[in-house]
Amino acid sequence: MEIVTCELPAGSVIGMEGGAEPGHNPAPALWAQANARFGEVEALALRDKNGVPVGFWGAMSDLSRSFLPWGAGFSQGLYLAGVQVPPEALPPEGWVKWTLPAFACLRVRAEGDYAAAFRAGLDELERRGLPLAGAVQECQRPAEGGQLYLFFPFKRL
């Protein structure tokens, strides 16, 4: 499993928002809703030089919307299933826009088992003596064949 240190710049995401709590993961339903209505935000997507969307984000925040780690053993917080957009983009009705703060992170390339990738990121932070300074963020990169990355913030920039 590839784990690298990187800087995650501030970025905006427009998507469908829901709350997670112990025993309830809203992500699958939010992704289904966002995918079904993607045509409403497709033109807003930030794109690379080849016209491919830069990223689809499973953005996360604590309940205070401060982008701190989820509570209750990583089972309680807010989740936004969406697409990266330019900072000036405005969400259509029924959509929500978040602007994620910039962080120094460990980036974990998730290959197969999501839970194993999540655990590997937490273990690597601990091994390096780094705190988890923000909510873990998920990003799927279409230009890389849909590769999923997890970002584990250890310092707000």
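Note that this is a predicted model, so its numbers are computed, not measured.

> Looking at this structure, I do not really get the overall build of the protein chain. What am I missing?
A tally of helices and strands in the protein chain yields 2 helices and 8 strands. The C-alpha radius of gyration of the protein chain comes to 15 Å, within 12% of the 15 Å expected for a compact globule of 157 residues. Oriented by its inertia axes, the alpha-carbon framework of the protein chain measures out at about 45 × 35 × 30 Å. When contacts within the protein chain are restricted to residue pairs at least 6 apart in sequence, long-range pairs at least 24 apart make up 73% of them. For the protein chain, the exposed surface amounts to about 7700 Å²; the carbon and sulfur share of it is 54%. Side-chain charges in the protein chain split into 13 positive and 17 negative, and the spacing between the mean points of these groups amounts to 5 Å.

> When you look at the side chain of Ser61 in this model, what are you seeing that I'm missing?
If you trace the backbone, Ser61 turns up in strand 3 (residues 56-61). According to the relative accessible area criterion, Ser61 is buried, its value standing at 1%. A polar contact is formed between the side chain of Ser61 and the side chain of Asp62, at a distance of 3.2 Å. Engagement of the side chain of Ser61 in a polar contact is seen with the backbone nitrogen of Ser66, the distance being 3.4 Å. Once residues within four sequence positions are removed from consideration, Ser61 is found in contact with Ser66, Phe67, Leu68, Trp70, Gly77, Leu78, Trp98 and Ala135.

Cut-offs used in this document
- Residues numbered from 1 in each chain as written.
- Predicted model: local features only at pLDDT ≥ 70, side-chain atom pairs only at ≥ 80, totals over all residues.
- Heavy atoms only, no water.
- Helix = DSSP H or I, 4+ residues; strand = E, 2+ residues; numbered from the N terminus.
- Rg over C-alpha atoms; globule rule 2.2 N^0.38 Å.
- Contact = heavy atoms within 4.5 Å.
- Areas by Shrake-Rupley, 256 points an atom, 1.4 Å probe, with all protein chains shown as cover.
- Lys, Arg positive; Asp, Glu negative; His and termini not counted.
- Charge placed at Lys NZ, Arg CZ, Asp CG, Glu CD.
- Buried < 20%, exposed > 50% of the residue type's maximum accessible area, 1.4 Å probe, protein only.
- Polar contact = N/O pair within 3.5 Å; in protein donor to acceptor, adjacent residues only side chain to side chain.

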